[in-house]
Amino acid sequence: MTQRALDSSGEQTPGTSRPAMIDAGAELDPVHPMEPPPARRPDGLSTAEVAERVARGEVNDVPVRSSRSVTEIVRANVLTRFNLIIGVLWVIMLFVAPIQDSLFGFVIVANTGIGIIQEWRAKKTLDSLAVIGEAKPTVRRDGVAAEISTSEIVLGDLIELGPGDKVVVDGTVAQADSLEVDESLLTGEADPVLKQAGDPVMSGSFVVAGGGAFTATKVGREAYAAQLAEEASRFTLVHSELRSGISTILKYVTWMMVPTAIGLIISQLIVKDNNFKDSVARTVGGIVPMIPEGLVLLTSVAFAIGVVRLGRKQCLVQELPAIEGLARVDVVCLDKTGTLTEGGMDVTEVRPLNGSDEAYVTRVLRTFGSSDPRPNASLQAIIDAYPAGGGDDEAEPEADGNTEPAADGNTGPGADGNALPAGDGKPLPADGGDADSWTVTDAMPFSSARKYSGAAFAEADGTASAWLLGAPDVLLSEGDATLTEIEHLNEQGLRVLLLARAEGELSAPGAATGAVPTALVVLEQRLRPDAGDTLAYFADQNVATKVISGDNAVSVGAVAGKLGLAGAENTLDARRLPTDPDEMATAMEQNAVFGRVTPQQKRDMVAALQSRGHTVAMTGDGVNDVLALKDADIGVSMGSGSEATRAVAQIVLLNNSFATLPSVVAEGRRVIGNITRVATLFLTKTVYSVLLAILVVCTQVEYPFLPRHLTLLSTLTIGVPAFFLALAPNKERAQPHFVRRVMRYAIPSGVIAAAATFATYLVARRHYSGEGALAAETSAATLTLFLVSMWVLAIIARPYTWWRVGLVAAMGLGFLIVLVVPWLQDFFALKLVGAPMPWTAVGIAVAAAALLEFVWRWVGRRFGT
């Protein structure tokens, strides 16, 4: 994506967290606004101040574009080099030949129109889905926090931040509570940067831990990543094997076409002493079919229709070839939380340790829930089980399973934006404000790197205490007896958190060292009902599935086992994963479940698999998945995931359903398989057209066909059938080497078709003589070429279904009607004269069809399908 290009130009200066340059000659200074920034107030701007800034144009007015504009769509479909060539030839034919010899030009107009309409429909779908999937930042105005569109932000707005939130404009931190920002998309530096009040933050970065708020100092096109954001969200045609393969084919076709066309022009206009207009018509008739212009158009149409189909299933494809990419994937890396399991969790049990008082543990957990205004799913489950003001005697969790996690930060204390985050020097009350309530004096939000969160309390009697809540195998020393008990719980697929009392300050280095285990919090994750079927689908398609999670490996393996994942028993703790890329790749191929994986390890694992030639897809919804999503061949994000994951993913599942992935794979296979099929049709025509022209030049005879003949043949044997075949269901697994696979069939097919047609033409030249001989020779040659082309179509249409048989039969019937209806005979200048020559043409075509059948089967056995 575009962000990667900045890595070479944006360097991280010691003591700062921003690139040194925006572009050549432009200093980056995110703290220097378009005007002096307004005073920071906890309440944010007033309504009057917002209106004043809007009037001055100080609005974040960067257009969010999910697709090309209508003008760009029209330009891209009309202004092509092939349309230019054909357009010139069309104009020539309009002056020198009857209208029926200019039909090829109307076909191009129709095809281009279809391309414009289909892409416009895809644009409408993408635009609507992009609006649905757009995350809205929380802005504090008049003391009230509310979600607004990114385009409504004005200079000086106070914008709240929480884990996973993307920094949408440049600004200065106003409030910070252990705020850690990842700027890797801008600087290439993977390590999060701890932000304090007064530090700059840059658009394009995102929050990985903690929370806070910042004041917008640069908005609109002044913001550092405004251009990047617009480019990243655009409807792009990035690299794909299918498109690059077609481009390669067209490049070679152009090289062949130019000298062949020149030779044909010289042959027909200079060497042969024919009627000038007739010579021009036959010259154009030889050049036009060399151009496989419909192949490019049909590929775009197939992609566009695929986007529309997936859009109806609430799947946003941010880059068209992502459909193709996922169909080529042979390894899918899944994040357990939010993919195999639903976001919510339930507290099923709390087990006090070391003689801890159960009521005291309950009070600690209840207060802990008040420490984070943006709780993650685990802490939200504890908040649901031990709500503030619930009373001291409540020891059993109220796990009704009906509460979803507040991943968006809108649930729980402080979510309304009126309370400052914990740790800013103002204690937060717990237990609903009881007279003897505890207060939170410090807080350390959860970080996927350290695997735990923390909170410090002033208890009712004035006692100060500090607590940690997180992964037991991180907080406990290796060999601790409690780990055995936890292992049994993990084997049941349960998630276990350890509540431990810290010995020192939360901010002290090694805060977890010497922590005293106090209780185990047992959580049960909600399995997605459709996850098992989706895993089975990938297994049937020979796509390896790897579950990569930050949770305990045994617990993750148990969850995967419940869903029927093959190899779920092969689990590996990522802390024992080798660092050598080759050894890591071996471990990745031998195991299916990985636990305690750090964000950087996820990235390394993707790279290790890619080093073995695998095409890797990565799914995820949390900020810890961003680096891996960015590096994977295909990144898939859940719609409810963080904005950072949606920004780097090529595919966003807006319905948050992992079960949508098979539809994406199926759509990609349909596009790849069908385009491979129809590409053979188009290129067979190109090959036989070039060879016929060469044979005509070498033998110094009239070119056998007028444009109308090849227009008729192309319509019946390529154009109409290709359109239906390109949109048909196709579940074949995507194969690599597109160009090689297409040409190994198209070249022999084109050679056989050209040889059979020219043989018929030469025999007809000997058979017919006198006035009208050329028309009779052309009709016989056209019959042979049509029958051979129909056999190529019949081979490509396999395996047969009722509609495929009907399609082939309808095309044959169409040609028969032309041969028997008098006015169509005159219109297309096709009239079979006598019986011997037409039957000879049929016999040559039958022999060519038999040879085609043999060659196709031999190629299939020799090289595989």
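What counts, and at which threshold
- Residues numbered from 1 in each chain as written.
- Predicted model: local features only at pLDDT ≥ 70, side-chain atom pairs only at ≥ 80, totals over all residues.
- Heavy atoms only, no water.
- Helix = DSSP H or I, 4+ residues; strand = E, 2+ residues; numbered from the N terminus.
- Buried < 20%, exposed > 50% of the residue type's maximum accessible area, 1.4 Å probe, protein only.
- Contact = heavy atoms within 4.5 Å.
- Areas by Shrake-Rupley, 256 points an atom, 1.4 Å probe, with all protein chains shown as cover.
- Salt bridge = Lys/Arg side-chain N within 4 Å of Asp/Glu carboxyl O.
- Core = buried A, V, L, I, M, F, W, Y, C linked by side-chain atoms within 4.5 Å.
- Phe/Tyr/Trp six-rings, centres within 6.5 Å; stacked < 30°, edge-to-face > 60°.
- Pairing = 2+ DSSP bridges.
- Axes fitted to C-alpha atoms, helices over the stretch in contact; angles between N-to-C directions.
- Polar contact = N/O pair within 3.5 Å; in protein donor to acceptor, adjacent residues only side chain to side chain.
- pLDDT = per-residue confidence, 0-100.
- Parallel < 35°, antiparallel > 145°, perpendicular 65-115°, else oblique.
- Left-handed = near helix turned anticlockwise from the far one by under 90°.
- Nonpolar A, V, L, I, M, F, W, Y, C, P; charged D, E, K, R; others polar.
- Expected span 1.5 Å × (residues − 1).
- Arc of directions from axis to C-beta.
- Patch = residues over 30% accessible without salt bridge, like charges linked within 9 Å, V, L, I, M, F, W, Y side chains within 5 Å.

## Details of the overall build of the protein
Next up, step 1: Along its length, the protein carries 27 helices and 24 strands.
Next up, step 2: Taking all 865 residues of the protein together, 58% fall into the buried category.
Next up, step 3: When contacts within the protein are restricted to residue pairs at least 6 apart in sequence, long-range pairs at least 24 apart make up 73% of them.
Next up, step 4: Accessible surface, the protein: about 34,000 Å² in total, of which carbon and sulfur atoms supply 58%.

## What about the pattern of salt bridges?
Next up, step 1: Within the structure shown, the criterion is met by 18 salt bridges.
Next up, step 2: The salt bridge involving Glu 485 is made with Arg 351; its shortest N-O contact spans 2.8 Å. Of the two residues, Glu 485 sits in helix H14 (residues 482-491) while Arg 351 sits in strand E12 (residues 341-352), which places them 134 residues apart along the sequence.
Next up, step 3: Exposure remark for Arg 351: the relative accessible area of 24% places this residue in the partly exposed category.
Next up, step 4: Through salt bridges with shared partners, a single network forms among Asp 473, Asp 573, Arg 575 and Arg 596.

## Looking at the nonpolar core
Next up, step 1: The biggest cluster of nonpolar side chains holds 85 residues, and the ones touching the most others in it are Val 678 and Phe 815.
Next up, step 2: When residues of this core are assigned to their parent elements, the largest contribution, twelve residues, is made by helix H21 (residues 661-699).
Next up, step 3: Dropping the residues within four chain positions of it, Val 678 is found in contact with Leu 298, Ala 722, Leu 725 and Ala 726.
Next up, step 4: Ile 323, Ala 560, Ile 634 and Val 636 belong to the second-largest nonpolar core, a separate cluster that totals 33 residues.

## Concerning the packing of aromatic side chains
Next up, step 1: Overall, the coordinates contain eleven aromatic pairs when judged by the stated rule.
Next up, step 2: Centre to centre, the rings of Tyr 360 and Trp 438 are 5.6 Å apart; their planes meet at 55 degrees, and the pair counts as tilted. Taken together, the residues Tyr 360 in helix H11 (residues 358-368) and Trp 438 in the loop between strand E13 (428-429) and strand E14 (439-447) connect sequence positions 78 residues apart.
Next up, step 3: The class of Tyr 360 is partly exposed, set by a relative accessible area of 24%.
Next up, step 4: For the ring pair Phe 368 and Phe 457, a centre distance of 6.3 Å and an interplane angle of 90 degrees mean the geometry is edge-to-face.

## A look at the sheet that holds strand E19 (residues 544-548)
Next up, step 1: Taken together, eight strands build an open sheet; the order of strands is E10-E24-E23-E22-E11-E19-E21-E20 and the sheet is mixed. Both outer strands of the open sheet, strand E10 (315-317) and strand E20 (571-573), are each paired with one neighbouring strand and no more. This sheet shows a mean twist of 20 degrees between the axes of neighbouring strands, independent of strand direction.
Next up, step 2: Inspection of the sheet shows strand E22 (residues 616-620) paired to strand E23 (residues 634-638) by four bridges, in the parallel sense. Within E23, the residue paired with Ala 617 across the bridge is Ile 634.
Next up, step 3: The sheet strands contacting helix H16 (residues 553-562) are E19, E20 and strand E21 (593-595), and the helix crosses E21 at an angle near 145 degrees.

## Topic: the side chain of Asn 60
Next up, step 1: Note that Asn 60 resides in the loop between helix H1 (47-55) and helix H2 (70-78).
Next up, step 2: A distance of 3.1 Å separates the side chain of Asn 60 from the backbone oxygen of Thr 150, its partner in a polar contact.
Next up, step 3: Apart from residues no more than four positions distant in its own chain, Asn 60 is found in contact with Thr 150, Ser 151, Ile 153, Val 169, Val 219 and Gly 220.

## A few points about the pairing of strand E9 (residues 206-218)
Next up, step 1: Of all 13 residues in E9, 13 are buried; the element is thus mostly enclosed.
Next up, step 2: Bridge count between strand E5 (residues 158-161) and E9: four bridges; the pairing is antiparallel. From the neighbouring strand, Ile 159 faces E9, where its bridge partner is Phe 214.
Next up, step 3: When strand E6 (residues 170-182) meets E9, the two strands line up antiparallel, connected through ten bridges. Looking at E9, one finds that Thr 172 is bridged to Thr 215.

## Some words on the environment of Ala 746
Next up, step 1: Locating Ala 746 in the fold gives a position in helix H23 (residues 738-767).
Next up, step 2: What makes Ala 746 buried here is its relative accessible area of 0%.
Next up, step 3: When the C-alpha atoms of Ala 746 and Tyr 688 are compared, they prove to be 9.3 Å apart, with 58 residues separating the residues in sequence.

## A word on unusual backbone geometry
Next up, step 1: For the bond running from Arg 798 to Pro 799, omega is -5 degrees, close enough to zero to count as cis.
Next up, step 2: Looking at where Pro 799 falls in the secondary structure, it is placed in the loop between helix H24 (773-796) and helix H25 (802-820).
Next up, step 3: Even without being glycine, Arg 596 reaches a positive phi, approximately 55 degrees.
Next up, step 4: Looking at where Arg 596 falls in the secondary structure, it is placed in the loop between E21 and helix H18 (599-611).

## A few points about the pairing of E14
Next up, step 1: Bridge count for E14 against strand E15 (residues 452-458) is six bridges, and the pairing is antiparallel. Within E15, the residue paired with Val 440 across the bridge is Phe 457.
Next up, step 2: Linking E14 back to E15 in an antiparallel pair, the connection comprises four residues, with Lys 451 at a positive phi of about 75 degrees.

## A few points about the confidence of the model for the protein
Next up, step 1: Overall, the prediction assigns the protein a mean pLDDT of 77, with 79% of residues at 70 or greater.
Next up, step 2: The least confident element of the protein, judged by mean pLDDT, is strand E1 (residues 21-23) at 31; the most confident is H25 at 93.
Next up, step 3: The low-confidence segment residues 1-40 (pLDDT under 50) makes 86 contacts with residues lying over four places distant or belonging to another chain.
Next up, step 4: Within the model, the stretch residues 392-436 combines pLDDT values under 50 with 96 contacts to residues more than four positions away or in other chains.

## Thoughts on the environment of Asp 61
Next up, step 1: Within the element layout of this structure, Asp 61 appears in the loop between H1 and H2.
Next up, step 2: The spatial distance from the C-alpha of Asp 61 to the C-alpha of Val 219 is 7.8 Å, given a sequence separation of 158 residues.

## Notes on the packing of H21 against H23
Helix-helix packing is described using two parameters, namely the angle between the two axes and the distance between the axes.
Next up, step 1: For the pair H21 and H23, interaxial distance at closest approach is 7 Å and the crossing angle is 40 degrees. When the axes of H21 and H23 are compared, the pair comes out oblique. As H21 packs across H23, the resulting crossing turns out to be right-handed.
Next up, step 2: A class-by-class count of the residues in the contact of H21 with H23 yields 19 nonpolar, seven polar and one charged.

## Some thoughts on H25
Next up, step 1: For H25, with 19 residues, the first-to-last C-alpha span of 27 Å sits near the 27 Å given by 1.5 Å per residue.
Next up, step 2: The complete set of buried residues in H25 reads Arg 804, Leu 807, Val 808, Met 811, Phe 815, Val 818 and Leu 819. Down the axis of H25, the buried side of the element spans an arc of 125 degrees, and every buried residue falls inside it. When the buried face of H25 is taken as reference, the exposed residues oriented beyond 90 degrees from it are Trp 802 and Val 820.
Next up, step 3: The inward-facing, buried residues of H25 abut H21, helix H22 (707-726), H24 and helix H26 (822-828).

## Points about the packing of helix H17 (residues 581-590) against H18
Next up, step 1: In the contact formed by H17 and H18, the axes pass within 8 Å of each other and the chain directions differ by 90 degrees. Regarding the angle of H17 to H18, the classification is roughly perpendicular. Counted together, Pro 581, Met 584, Ala 585 and Met 588 of H17 and Asp 604, Met 605, Ala 608, Leu 609 and Ser 611 of H18 form the full contact between these two elements.
Next up, step 2: Taken together, the residues of the contact of H17 with H18 sort by class into seven nonpolar, one polar and one charged.

## Observations regarding a nonpolar patch on the surface
Next up, step 1: On the surface, a cluster of nonpolar side chains totalling about 430 Å² of accessible area is made up of Val 70, Val 74, Val 78, Leu 79 and Trp 120.
Next up, step 2: We classify Leu 79 as exposed; its relative accessible area is 63%.

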